[in-house]
Amino acid sequence: MSSARRKNIGKVNWLLLAVLAGGALASLFFVGSRNTLPTPVSIGQAKDEPLSIHGVGGAWYWREQPLKGKGRLIRATIAGMKEIATADALPSFDTDGKTLVWTARQGAEWSVMSANVEGGGGHAVWSGKEEPRGVKMIQERIYWLLRTPAPIDIALPFPPLQSSLQIVSVPIGGGALEASARLPEADDGEALGISEGSLYVRAVRMSSPGATSLYRVNTQNRTFTRITSVARHLPALLTRNGTLYWLAPSKETDSPQIAMQVFRMGASGTIEPLTDWLPAGGALYETANDVLYADREMPPSFWRLGSQDVFPTTLPLPKDFTALALGDTTALVMSASTPRSKPALYQIPLQ
């Protein structure tokens, strides 16, 4: 057997050990505390797979985009579910618990929409032919990215001669469009938030396997700095205290599809490696007390973050329930007996 093959097998064995160790610790936690685990409270059954789930102010918000039919924006509480909006496409939204904003396409026309969280007073704050990407409410303004055409109509692998992403914003009640920095990215992205006068942006290059870049933009002079770039299309999160979290392929394995590692950067600008050996394909969530990771494995789990030299562990869940998303003080879970494409949804308080 070649040394390279032995090396790869060894790394796979380490991944199995990580998963088994995490599962064992979670199981012990579960056994020791199952009498105190909360009882899930039903909030209903989704019509399609919930996407881009947000938990804010005691309510859950998500979008649904069936293969056939219109996209839907949903609000749900333990009192029931409500359809807030529909559109031919509804790729992004954001809410602060008082106002909802979302991007929508009807025919060939794109709009950025705004309404209260019950759907009342819905109106367009911007409309155009170009798709608004990654809508986000930040400090009484609505931010998104617009793709601008390349200066020459020739496909060249050179950023100054490719399409770019223009950062734009309007007041939350509507008004004149204000342009900010133009990033040397051609495909997709989203604004993450503002901390100490800097806007943080995640940009995604959609080629295969693709890449994710994180930028810090000076909102006064429109200059920008690229903080990091990682392979593949991966999530990032800016917390309320201004700490930036992101995922990157683990360096402990030759196959980035198998494991992920979390990094963070605080106000000092120092990048700190955190938990390694996480399953791929998940999302980062800020709760009232911590930042957690939710994967999309079968079955999906919630993961605690910590030091990179400690194997990750999962949060215990009630029997026959699996993880979906996290809010400030509650978690959204689904019945394990229902498909992810149309799950029965429940919420439990975080402990």
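What comes next concerns the included structure. All values reported here derive from a predicted model rather than from experimental measurement. (Residues numbered from 1 in each chain as written. Predicted model: local features only at pLDDT ≥ 70, side-chain atom pairs only at ≥ 80, totals over all residues. Heavy atoms only, no water.)

All right, on to the nonpolar core then. Membership of the largest hydrophobic core comes to 26 residues, with the highest contact counts inside it found for Leu244, Tyr245, Trp246, Val262, Leu284 and Leu305. Elements represented by at least two residues in this core include exactly strand 17 (224–231), strand 18 (236–238), strand 19 (244–249), strand 20 (260–265) and strand 23 (291–294). When residues of this core are assigned to their parent elements, the largest contribution, five residues, is made by strand 19. For Leu305, the residues in contact, after removing those within four places along its chain, are Tyr245, Val262, Thr275, Leu278, Leu284, Val291 and Tyr293. Formed by 24 residues, the second largest nonpolar core is a distinct cluster that contains Ile74, Ala294, Val333 and Ile348. (Core = buried A, V, L, I, M, F, W, Y, C linked by side-chain atoms within 4.5 Å. Buried < 20%, exposed > 50% of the residue type's maximum accessible area, 1.4 Å probe, protein only. Helix = DSSP H or I, 4+ residues; strand = E, 2+ residues; numbered from the N terminus. Contact = heavy atoms within 4.5 Å.)

Here we come to the sheet that holds strand 6 (residues 89–95). Strand order in the open sheet formed by four strands is 6-7-8-9, and the pairing between neighbours is antiparallel. Here the strands that pair on one side only, and so sit at the sheet edges, are strand 6 and strand 9 (123–128). Taking each pair of neighbouring strands and ignoring which way they run, the sheet shows an average axis angle of 15°. The pairing of strand 6 with strand 7 (residues 99–106) spans five bridges and is antiparallel. Across the sheet, residue Ser92 finds its bridge partner in strand 7, namely Thr103. (Pairing = 2+ DSSP bridges. Axes fitted to C-alpha atoms, helices over the stretch in contact; angles between N-to-C directions.)

Moving on: the side chain of Ser195. Its location among the elements puts Ser195 in strand 14 (residues 188–195). Excluding residues that lie within four positions of it along the chain, Ser195 makes contacts with Tyr200, Leu238 and Gly242.

Further remarks concern unusual backbone geometry. Cis peptide bonds are those with omega within 30 degrees of zero, and the linkage from Ser208 to Pro209 qualifies with 5°. Tracing the sequence through the fold places Pro209 in the loop between strand 15 (198–205) and strand 16 (211–218). A cis amide bond links Met298 to the next residue, Pro299, at an omega of 0°. Even without being glycine, Glu140 reaches a positive phi, approximately 65°. In this fold, Glu140 is placed in the loop between strand 10 (132–138) and strand 11 (141–148). For Glu140, a relative accessible area of 60% gives the class exposed. Unlike most non-glycine residues, Glu196 shows phi in positive territory, near 50°. With respect to the helices and strands, the residue Glu196 is situated in the loop between strand 14 and strand 15. Judged by relative accessible area, which is 72%, Glu196 ranks as exposed.

Let us look at the sheet that holds strand 22 (residues 283–286). Strands sit in the order 22-23-24 across an open sheet of three strands; the sheet is antiparallel. Two strands bound the open sheet, and with one partner strand each, they are strand 22 and strand 24 (302–304). Across the sheet, the mean angle separating the axes of adjacent strands is 35° when strand polarity is ignored. In this sheet, strand 23 lies alongside strand 22 in antiparallel orientation, the contact comprising four bridges. Of the residues in strand 23, the one forming a bridge with Tyr285 is Leu292.

By themselves, these observations are geometric and do not establish any function.
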